[in-house]
Amino acid sequence: MTLVALLVPAAVAAWLLTAGRGLGHRAVNRLAAAASVLTLAAVVLAVVVRPEVDRPWVPSLGLRWHLAVDGVSAPLLLLTAVLGVVVVLHTSDRPPVGGTSAAFHACLLLVELGALATFLARDALLFFVSFEVVLVPMWVLITRFGDAHRPAARADAGGRFVLYTVFGSTLMLVGILTLVSAAGTSDLGELARAAGHGIPASTQLLVAALLVTGLAVKVPVFPLHTWLPPAHTTAPTAGSVLLAAVLLKMGTYGLVRLPLATVPEGFARVAPVLGVLGAVGIVWGGLACLVERDLKRLVAYSSVAHMGFVAIGLASGTQTGLQAALFANVAHGVISALLFIVVGGLKERWGGADLETARAALREVAPRLGFALVVGFAASLGLPGLAGFWGEFLSVYSAWSPAPDRPLALFRSLAVVAALGTVLAAAYAMRVLRTVWAGERTAPAIEDSRHTEWDVVVVLLVATVALGVVPGPLLALTRDTVALLVGAPR
Amino acid sequence: MSAVATFDWVALAPVLAPALGAVLVLVVDAAAPRLVRVHHLLGLVALVAGLAFALPGAATSGRAPLRSVCLPGRAGSCLYEVGPVAAALQLGALGSALVVLLLLWPDRRAALRGGPAVLVSLVLAATAGAAGVAAAHDLGSWLVCLELATLPVVALVALRGTAAAGRGALALLTTSLVSFALVVLGAALWLVATGQAVFDAGAVAGALGDPERRAVLLLGVLLLFAGVGFKLSLVPFHVWTPQAYAGGSEAVAAFLAATSKIAALAALVVVLQPLVAAGAPVLAAVGVVAAVTMTVGNLLALAQDDPVRLLAWSTVAQAGWVLLPLSASSPGSAAASGAYLLAYVVATLVAFVVVHAVSVGGAPRRLAAYTGLLRSRPLLGGALGLALLSLAGLPPGVVGLVAKVVALRPVVAQGQWLLALVAVANAVVGIAVYLRWFAVLLRDPEAQEAPDHGPLGGGVARPVLAALVLSATVLVATSVLPQLLVGLLE
């Protein structure tokens with residue numbers, strides 16, 4: 001099952017890049033849609049059946065194809081597979097600009113493949129290799145298929161994306177190698193069971209620092225986030241969706257899987273720093289959103305703020321915090337996908353995303369898009385009843401009552417700052433809605449969302465509401481594994 | 001017991017086959033001077049035979065190497081010893097020479113002077129030297145083989161007959177002479193210190209134990225290291241590299257970048273192995289040189305516009321990576337270094353084959369000549385793209401990524417953090433180097449109507465196509481199953 005989920009996108013992408021180069025947009029899109037639906041089916045089946053694959057790949061390095069599904073990875077796998085279908089469907093009536101349709105779809109599938117492999121990997125080295133798989137296709141998406149008006153910005157954003165993330169992942173590799181040579185195994189299951197037993201405290205601290213720094217680039221955590229706004233702004237809509245909803249999750253997932261699970265003692269010492277940076281990210285992202293003029297970039301900065309909540313949840317060291325982080329992860333995936341599709345659609349229609357330009361009020365000319373935008377921003381500011389609420393609420397709660405070995409005063413003040421951050425979120429959401437949605441202007445008129453774009457938006461809207469109204473199933477899905485990770489014997 | 005040495009001819013065959021081939025080619029040329037293609041055929045046969053004979057060596061384990069030219073007396077004093085690392089390097093040297101020979105296949109232009117016989121014979125002689133130095137187990141044969149691997153290359157560069165080739169050959173010749181002087185002096189000091197010409201960990205340990213002999217030995221090793229550093233283009237002994245590469249034809253540059261590098265590394269490994277076993281303190285110097293080399297190479301590669309010069313500087317940078325694991329005195333570091341070298345050789349050969357094919361078409365030696373290669377000549381573009389990504393260490397060039405893991409592992413395991421951090425920074429800069437070229441491949445082809453290049457890279461001569469298919473197949477196979485390459489050295 002898991003292998004099917006990986007082989008289908010790999011095979012179709014390889015075929016598109018070689019033999020399928022000449023196909024027209026429609027045929028390519030149908031094929032990619034079929035592949036992503038098949039992948040989704042395989043992932044759903046894998047989440048239900050929980051199969052395990054374990055074969056040697058590079059025995060000399062101890063690198064194995066060890067794939068499995070558990071409560072931490074299942075939601076992210078489902079999210080990735082669903083968004084894999086979403087982005088392909090979303091592309092169906094907008095042929096990519098800048099290159100062949102086959103290459104575009106192959107890149108989408110390869111990103112999906114890399115993300116799925118990352119979430120499935122149960123071997124630290126395989127995790128690293130999968131982590132790197134997404135880089136080149138995403139780079140191609142940004143530099144080839146991004147914002148057609150600004151070639152220099154595309155090259156800059158793509159280069160920045162790759163170089164930053166490679167720096168992070170190579171640091172992570174050093175951390176992984178240190179961990180593997182100290183523990184004598186690269187099996188993530190065994191490493192988590194051992195939970196750092198037998199590794200000296202100083203080594204644990206070093207490993208945790210390397211891993212957290214490396215992964216923080218991908219998340220991104222505050223001072224390392226500067227690659228994200230340009231990448232999101234210039235990427236094509238499908239690329240932005242994958243970046244925000246899938247690639248950032250690889251970072252947070254890595255934080256759970258690697259430092260938190262394998263070197264808990266070291267992570268406990270790094271956690272306050274991570275928490276503080278998360279809080280700074282929340283405030284910084286919020287403030288940036290208050291003054292940002294480019295709507296797409298604004299949504300990107302709001303991602304930095306949301307990831308700050310995830311970082312605080314992870315840093316708190318409690319089961320609630322970890323569950324909050326995982327929930328916020330998935331919620332942010334859905335919300336940011338929704339927002340990027342809506343905002344990307346608006347940018348196409350407007351021919352730009354500058355908020356200062358006077359435009360027709362969405363409420364008047366494009367009620368569907370307007371509605372989606374309102375729901376997206378409402379969810380983003382953490383309104384109860386929508387997806388964003390639970391993750392942020394629980395994350396603040398967990399920071400208020402962190403694990404006993406965390407500095408209480410510090411985490412309480414982090415909770416206060418994070419709570420203030422939600423106020424900032426409300427402020428920038430209102431700012432955007434006032435400029436874009438409200439008002440009386442009706443010219444220049446734009447076309448409202450229809451056909452597949454609207455279908456996709458509806459799916460994401462339903463998911464946003466569903467996660468907000470019934471958070472139970474998702475929390476239940478992650479509960480057992482989280483208890484295992486946090487409750488592991490020290 | 002007989003007084004003469006005992007020979008195992010089969011074990012010697014990987015060296016003897018190309019050496020005999022070199023002589024045979026000259027004999028045939030003397031007998032029938034008009035022949036053109038026979039020499040190349042003979043050369044190919046000799047190299048294939050060498051490859052076949054080198055295979056058994058790769059199947060040996062480290063503890064029971066194949067031995068030949070054994071002196072009477074105590075066991076272990078054999079002048080020729082093939083373990084897995086040596087056999088893998090022999091395979092690499094012979095295989096890369098095979099590809100180079102295909103590139104040198106006589107065409108209508110008859111580019112090089114001296115006729116095909118001299119050319120083939122020079123390539124074969126240098127290859128025999130490279131294969132020999134990997135297996136040399138005493139100072140005498142080590143010196144002879146090392147020079148045999150170097151001097152014919154000077155002639156190969158000079159044979160092109162242009163002014164640039166003359167300058168390149170002169171730079172190479174001067175370098176070789178200086179390096180020879182250093183190496184001979186070093187060898188003499190080694191002999192004085194250890195009291196025997198055979199490389200033997202016991203004798204080295206004895207010399208290290210005695211403070212007076214220890215100083216002599218370390219000085220000798222430093223000189224040997226400097227001498228070999230010239231050949232491996234380590235900073236500060238690298239200055240000849242770009243000149244010689246740019247002066248020679250692409251095929252000769254490929255030979256310099258692949259076969260000669262293997263010879264140099266093999267020479268270094270042979271010398272360092274007894275030192276590693278004896279725990280000598282020279283390895284810190286190796287680390288410093290590795291760090292400086294990769295940094296200088298990458299930074300200068302970043303500024304090049306001539307693809308051959310870019311590859312030349314990239315060779316310097318990669319030499320630093322090759323050296324990296326040797327700075328950690330662990331038993332696996334020679335194998336790690338060899339694995340990195342072989343991965344680099346495969347990728348760089350593919351790149352050179354494509355550069356050769358493109359410049360045969362009359363394109364100028366500038367990166368701009370590769371604009372849109374992926375679209376206009378997919379086979380060439382695809383192969384070059386994969387090679388560049390392998391050199392950068394990004395999937396889908398998995399072999400490059402695995403090689404980076406292999407090279408970093410001993411360094412991290414030894415806790416050389418500073419070195420590891422320099423390597424991380426260089427991984428990032430290296431990616432910038434290769435992505436810069438890759439981005440050019442990815443652009444739209446220029447508007448001019450391309451000649452009838454079919455998808456199979458039409459306009460490429462058949463031997464070049466064979467070289468491309470051969471090297472690219474190895475690259476793809478090792479990317480899918482890196483164990484094929486990494487496992488060779490265990």
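Residues numbered from 1 in each chain as written. Chains lettered and ligands numbered in written order. Predicted model: local features only at pLDDT ≥ 70, side-chain atom pairs only at ≥ 80, totals over all residues.

Details of the overall build of chain A
Okay, so step 1: In terms of regular secondary structure, chain A is built from 20 helices and 2 strands.
Okay, so step 2: Along the three orthogonal principal directions, the C-alpha set of chain A runs to about 70 × 55 × 40 Å.
Okay, so step 3: Every one of the 490 residues in chain A was classed for burial, and the buried ones make up 65%.
Okay, so step 4: Sequence separation of at least 24 residues holds for 82% of the intrachain contacts in chain A that already meet a minimum separation of 6. (Helix = DSSP H or I, 4+ residues; strand = E, 2+ residues; numbered from the N terminus. Buried ≥ 20, exposed ≤ 12 C-beta atoms within 10 Å, placed from the backbone. Contact = placed C-beta atoms within 7 Å.)

Looking at the overall build of chain B
Okay, so step 1: From N to C terminus, chain B includes 20 helices and 2 strands.
Okay, so step 2: Here the C-alpha radius of gyration of chain B, 22 Å, is about what a compact globule of 490 residues would show, namely 23 Å.
Okay, so step 3: Over its C-alpha atoms, taken along the principal directions, chain B stretches across nearly 75 × 60 × 40 Å.
Okay, so step 4: Contacts spanning at least 24 positions in sequence make up 78% of the contacts within chain B whose residues lie at least 6 apart. (Rg over C-alpha atoms; globule rule 2.2 N^0.38 Å.)

With respect to the interface of chain B and chain A
Okay, so step 1: Between chain B and chain A, the residue contacts involve 26 residues of the former and 26 residues of the latter.
Okay, so step 2: Listing elements by their share of the side of chain B that touches chain A, those giving two or more residues are α17 (398-413), α18 (417-442) and α20 (483-486) of chain B.
Okay, so step 3: Residue composition of the side of chain B that touches chain A, by class: 22 nonpolar, 2 polar and 2 charged. (Nonpolar A, V, L, I, M, F, W, Y, C, P; charged D, E, K, R; others polar.)

A few points about the nonpolar core
Residue and element names in this part refer to chain B.
Okay, so step 1: Val133 and Ala266 are the most contacted members of the largest nonpolar core, which totals 408 residues.
Okay, so step 2: Top element by residues in this core is helix α14 (residues 333-360). It accounts for 21 residues.
Okay, so step 3: Every residue in contact with Ala266, bar those within four places of it in the chain, is listed here: Ala86, Leu89, Ala130, Val133 and Ala134. (Core = buried A, V, L, I, M, F, W, Y, C linked by C-beta atoms within 7 Å.)

With respect to the environment of A:Tyr164
All names here are of chain A.
Okay, so step 1: Looking at the secondary structure, you find Tyr164 in helix α7 (residues 151-183).
Okay, so step 2: Given 20 C-beta atoms within 10 Å, Tyr164 falls into the buried group.
Okay, so step 3: Spatially, the C-alpha atom of Tyr164 lies 8.3 Å from that of Lys218, the residues being 54 residues apart in sequence.
Okay, so step 4: Those residues in contact with Tyr164, other than ones at most four positions away along the chain, are Val217 and Trp227.

What to know about helix α4 (residues 115-135) of chain B
Structurally, the α-helix is built with 3.6 residues per turn, so residues lying three or four positions apart point the same way.
Okay, so step 1: Helix length check: α4(B), at 21 residues, gives a terminal C-alpha distance of 31 Å against a target of 30 Å (1.5 Å per residue), a fit within 8%.
Okay, so step 2: Of all 21 residues in α4(B), 19 are buried, a share of seventy percent or more. (Expected span 1.5 Å × (residues − 1).)

Some details on the confidence of the model for chain A
Okay, so step 1: Chain-level pLDDT for chain A is 88 on average; 99% of the residues reach the 70-or-more range.
Okay, so step 2: Within chain A, the element-level pLDDT minimum falls on helix α15 (residues 362-365) of chain A, averaging 80, and the maximum on helix α5 (residues 124-133) of chain A, averaging 92. (pLDDT = per-residue confidence, 0-100.)

So, the environment of A:Val86
Residues and elements named next belong to chain A.
Okay, so step 1: Take Val86: it is sitting in helix α3 (residues 73-91).
Okay, so step 2: Put simply, Val86 and Lys249 are 163 residues apart on the chain and 17 Å apart in space, counted from C-alpha to C-alpha.
Okay, so step 3: Excluding residues that lie within four positions of it along the chain, Val86 makes contacts with Ala337, Val456 and Val459.

A look at the packing of helix α14 (residues 319-350) of chain A against helix α20 (residues 472-486) of chain A
Residues and elements named next belong to chain A.
Okay, so step 1: At their nearest, the axes of α14 and α20 sit 9 Å apart, and the two run at 135° to each other. As the angle between them shows, α14 and α20 are arranged oblique. Of the two possible hands of crossing, α14 and α20 adopt the one that is right-handed. For the pair α14 and α20, contact is made by Gln319, Leu322, Gln323, Leu326, Phe327 and Val330 and by Leu474, Leu475, Thr478, Arg479, Val482, Ala483, Leu485 and Val486, respectively.
Okay, so step 2: Tallied by class, the residues present in the contact of α14 with α20 amount to 10 nonpolar, 3 polar and 1 charged. (Axes fitted to C-alpha atoms, helices over the stretch in contact; angles between N-to-C directions. Parallel < 35°, antiparallel > 145°, perpendicular 65-115°, else oblique. Left-handed = near helix turned anticlockwise from the far one by under 90°.)

Quick notes on unusual backbone geometry
Okay, so step 1: In the segment running from A:Val219 into A:Pro220, the intervening peptide bond is cis, with an omega of -10°.
Okay, so step 2: Note on placement: A:Pro220 falls in the loop between α9 (201-218) and α10 (228-234).
Okay, so step 3: Cis geometry is adopted by the peptide bond preceding B:Pro236, which originates at B:Val235 and carries an omega value of 5°.
Okay, so step 4: Checked against the element boundaries, B:Pro236 lands in the loop between α8 (211-231) and α9 (240-247).
Okay, so step 5: In the Ramachandran plot, B:Val69 falls in the positive-phi region, its phi being about 50° despite a non-glycine side chain.
Okay, so step 6: Of note, the phi angle at B:Ser233 is positive, near 50°, even though the residue is not glycine.
Okay, so step 7: Here B:Ser233 lies in the loop between α8 and α9.

Here we look at the environment of B:Val45
Residues and elements named next belong to chain B.
Okay, so step 1: Mapped onto the elements of the fold, Val45 is located in helix α2 (residues 37-58).
Okay, so step 2: Here Val45 falls in the partly exposed class, since 13 other C-beta atoms lie within 10 Å of it.
Okay, so step 3: For Val45 and Pro18, which are 27 residues apart along the polypeptide, the C-alpha to C-alpha distance reads 9.0 Å.

With respect to the pairing of strand β1 (residues 66-70) of chain B
Residues and elements named next belong to chain B.
Okay, so step 1: In terms of residue burial, β1 counts as a mostly covered element, since 4 of its 5 residues are buried.
Okay, so step 2: Sheet topology places β1 next to strand β2 (residues 78-82); 4 bridges connect them, and they run antiparallel. The residue bridging Cys70 from the neighbouring strand is Cys78, located in β2. (Pairing = 2+ DSSP bridges.)

Some details on the packing of helix α13 (residues 295-316) of chain A against helix α17 (residues 387-400) of chain A
Two numbers describe a pair of packed helices, the interaxial angle and the distance between the axes.
All names here are of chain A.
Okay, so step 1: The contact between α13 and α17 brings their axes to 8 Å, and the two run at 40°. Comparing their axes, α17 and α13 come out oblique. The interaxial crossing formed by α13 with α17 has left-handed handedness. Of α17, the residues touching α13 (which contributes Phe309, Ile312, Gly313 and Ser316) are Gly391, Glu392, Ser395, Ser398 and Ala399.
Okay, so step 2: For the contact of α13 with α17, the residue count by class is 3 nonpolar, 5 polar and 1 charged.

Focus on α13(A)
Okay, so step 1: With 22 residues, α13(A) extends 32 Å between its outermost C-alpha atoms, agreeing within 8% with the 32 Å of an ideal straight helix rising 1.5 Å per residue.
Okay, so step 2: Within α13(A), 22 of the 22 residues are buried, leaving the element largely enclosed by the surrounding structure.

As for the confidence of the model for chain B
Residue and element names in this part refer to chain B.
Okay, so step 1: On average, chain B scores 85 in pLDDT, and the residues at 70 or more come to 93%.
Okay, so step 2: Every residue in residues 452-457 scores below 50 in pLDDT, and together they form 13 contacts with partners more than four places removed in sequence or on other chains.
Okay, so step 3: Both scores are available for the predicted complex, with the pTM at 0.92 and the ipTM at 0.91.

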